[in-house]
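Notes for the structure review
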Amino acid sequence: MNLKSERRGIHVDQSELLCKKGCGYYGNPAWQGFCSKCWREEYHKARQKQIQEDWELAERLQREEEEAYASSQSTQGAQSLTFSKFEEKKTNEKTRKVTTVKKFFTASSRAGAKKAAQEKIVKQGHLGRERNADNILRDLKEIFTPSWELASPTEAEIQESKSPSPSINRQASIETDRVYKEFIEFLKTYHKSGQDIYKQCKLFLDTMNHKRDLSIEEQSECAQDFYQNVAEKLQTRWKMPPEKVEKAMDQIEKYIMTRQYKYVFCPETTDDEKKDLAVQKRIRALHWVTPQMLCVPVNEEIPEVSDMVVKAITDIIEMDSKRVPRDKLACITKCSKHIFNAIKITKNEPASADDFLPTLIYIVLKGNPPRLQSNIQYITRFCNPSRLMTGEDGYYFTNLCCAVAFIEKLDAQSLNLSQEDFDRFMTGQTSPKKQESDSWSPDVCLGVKQMYKNLDLLSQLNERQERIVSEAKKLEKDLIDWTDGVAKEVQDIVEKYPLEIKPKNQALAAIDSENVENDKLPPPLQPQVYAG
């Protein structure tokens, strides 16, 4: 089995990672192979087309309804003309009477309302004079104080701080406060543009709080529009250089997504949780896949390489603990760099893309990261799109999506196995051959050697047991067939030579008894005496 045949099911050409529209940016399976920019364009086109079709359908239905109504009215017009005039006269008379009755109560009601309004104005005047000084001071403070120092917590934050919460909620609240303070300190370095950024972020958070009922795709669309509008305003209005804009967008994303995380990560309205369970079950079923099957160019017997593999698994698992999409991407990037270092140490040369993807698949299978699909969807929906379209973060994230897609579709041909062996491995009936004890390195722990030896023994016992069960089932089948054959032969003989059962004969009468039925018998002998 050569190297090329082993890789045929895993190799992904680098052109397949790019946007299928040919713009040069990285695509994403969640966007049907498009990049973020092209996907938004296609989404808007499809949306406008659907709106236009719905509008044309509504107009057509309305015209049909009007035509049907007009045709029905033309047939009933002559009959309802007299009745309509009668109804109009009755309505005018009723309106006139009601107007006349209202005139009796208009003056008194107006006077009462006017008096109540005057009392209310006087009462407010007393209160207003008492608060006048406080209002002046507050207005002056609003003029000369930056907007972030006047910011008050939102209703959701007040509810969260007042309500008793478990430790995990307290920890999230502490992290939210820390991110808020860091964001304020960062904006102070931007002066007037910082105030504008804060106002835009606060307005976006208020808007999102009122859009909880929207689907997660629509909320994602709002977030992507917000990123794009803020970035354009920083470039055009405030004339910021690209490096400073990118730094500001990272802080903006960290601030708003820390507050929105619990609402938009794995929401109940989606099937993200169901996909997570399916992927985890799939990875557990593939626990038997070895590095040799995936053609992974990593030798874990080297201590440094083994450490790199452990760090890569730790990073991909740690991704779930982060709340900001950029931090989750950072975990993926660190994991990928550890993989490249492990390949470089093993091969003593820089790693290639063909080596990276199989190793990433192996790391995912070995680590089985929690809520993998939810994290990928969260990054896709709410990450700054510029990070996913270009750069190393976008490249590594695209490869992770390809690795997950490969795991979901992995089959016998991808691993160069027969379908029978693949099915047996998947059902747990047997496991691949382990490494022989003679080929172990002398530095390997004795416990590991004994463990693999026991696994080989268990595998052999399992095979023997399967053979015994198979032979027992075969013997049982033979016995059943023999019993059926004997029964059939007996039945054939019985049918061919039927057994005739005659009625029972009557008992013969005693010779010395009186025979009343048959008088042809001689009489009984009489004893005779002879004289001697």
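To keep things clear, this report deals only with the structure shown in the data block. Bear in mind that the values here come from a model prediction, so they are computed numbers and not experimental data. (Residues numbered from 1 in each chain as written. Predicted model: local features only at pLDDT ≥ 70, side-chain atom pairs only at ≥ 80, totals over all residues. Heavy atoms only, no water.)

With respect to the overall build of the protein chain
For the record, the criterion: In this text, helices come from DSSP runs of H or I with a minimum length of four residues, and strands from runs of E with a minimum of two, each type numbered from the N-terminal end. Each residue is placed in one exposure class: buried if its accessible area under a 1.4 Å probe, protein chains only, is under 20% of its type's maximum, exposed if it is over 50%, and partly exposed if it falls in between. By definition, residues are in contact when any of their heavy atoms lie within 4.5 Å. Computed by Shrake-Rupley with a 1.4 Å probe, the accessible areas treat only the displayed protein chains as cover when residues are assessed.
Helix and strand counts for the protein chain stand at 18 helices and 0 strands. Taking all 532 residues of the protein chain together, 31% fall into the buried category. At a minimum sequence separation of 6, the contacts of the protein chain that also span at least 24 residues come to 72%. Summed over its atoms, the accessible surface of the protein chain is roughly 36700 Å², and 55% of this surface lies on carbon and sulfur atoms.

Some points on a nonpolar patch on the surface
Put simply, the test is: Patch membership needs two things, relative accessible area over 30% and no salt bridge, and members are linked within 9 Å if like-charged or within 5 Å if nonpolar (Val, Leu, Ile, Met, Phe, Trp, Tyr). Whenever Lys or Arg places a side-chain nitrogen within 4 Å of a carboxyl oxygen from Asp or Glu, that contact is recorded as a salt bridge.
A grouping of Met451, Leu455, Leu457, Leu458 and Leu461 is seen on the molecular surface, where their side chains present a nonpolar patch of about 450 Å² in accessible area. Along the chain, Met451 turns up in helix α18 (residues 446-496). For Met451, a relative accessible area of 42% gives the class partly exposed.

Focus: helix α6 (residues 192-209)
Working note: α-helix, 3.6 residues per turn, so residues spaced by three or four point in the same direction. How we decide: Expected helix span is given by 1.5 Å per residue-to-residue step, counting one fewer step than there are residues.
Between its first and last C-alpha, α6 extends 26 Å over 18 residues, near the 26 Å set by a 1.5 Å rise per residue. Among all positions in α6, only Ser193, Gly194, Asp196, Ile197, Tyr198, Cys201, Phe204, Leu205 and Met208 are buried.

Some thoughts on the nonpolar core
Side chains that are nonpolar tend, in soluble globular proteins, to be buried together. The criterion, for reference: Residue types Ala, Val, Leu, Ile, Met, Phe, Trp, Tyr and Cys, when buried and joined through side-chain atoms within 4.5 Å, form a set referred to as a nonpolar core.
Leu294 and Ile332 are the most contacted members of the largest nonpolar core, which has 51 residues in total. Of all the secondary structure elements, the ones that give two or more residues to this core are α9 (272-285), α10 (291-294), α11 (303-318), α12 (325-347), α13 (353-367), α14 (372-382), α16 (391-408) and α17 (419-427). In terms of residue count, α16 provides more of this core than any other element does, 9 residues in total. In terms of nonpolar packing, the next biggest core, distinct from the first, is built from 33 residues, Ile197, Cys222, Ala223 and Val245 among them.

Overview of unusual backbone geometry
The phi dihedral of Cys295 falls on the positive side, at around 60°, and the residue is not glycine. Note on placement: Cys295 falls in the loop between α10 and α11. Even without being a glycine, Asn348 presents a positive backbone phi close to 60°. Within the secondary structure, Asn348 sits in the loop between α12 and α13. When its relative accessible area of 69% is taken as the criterion, Asn348 is described as exposed.

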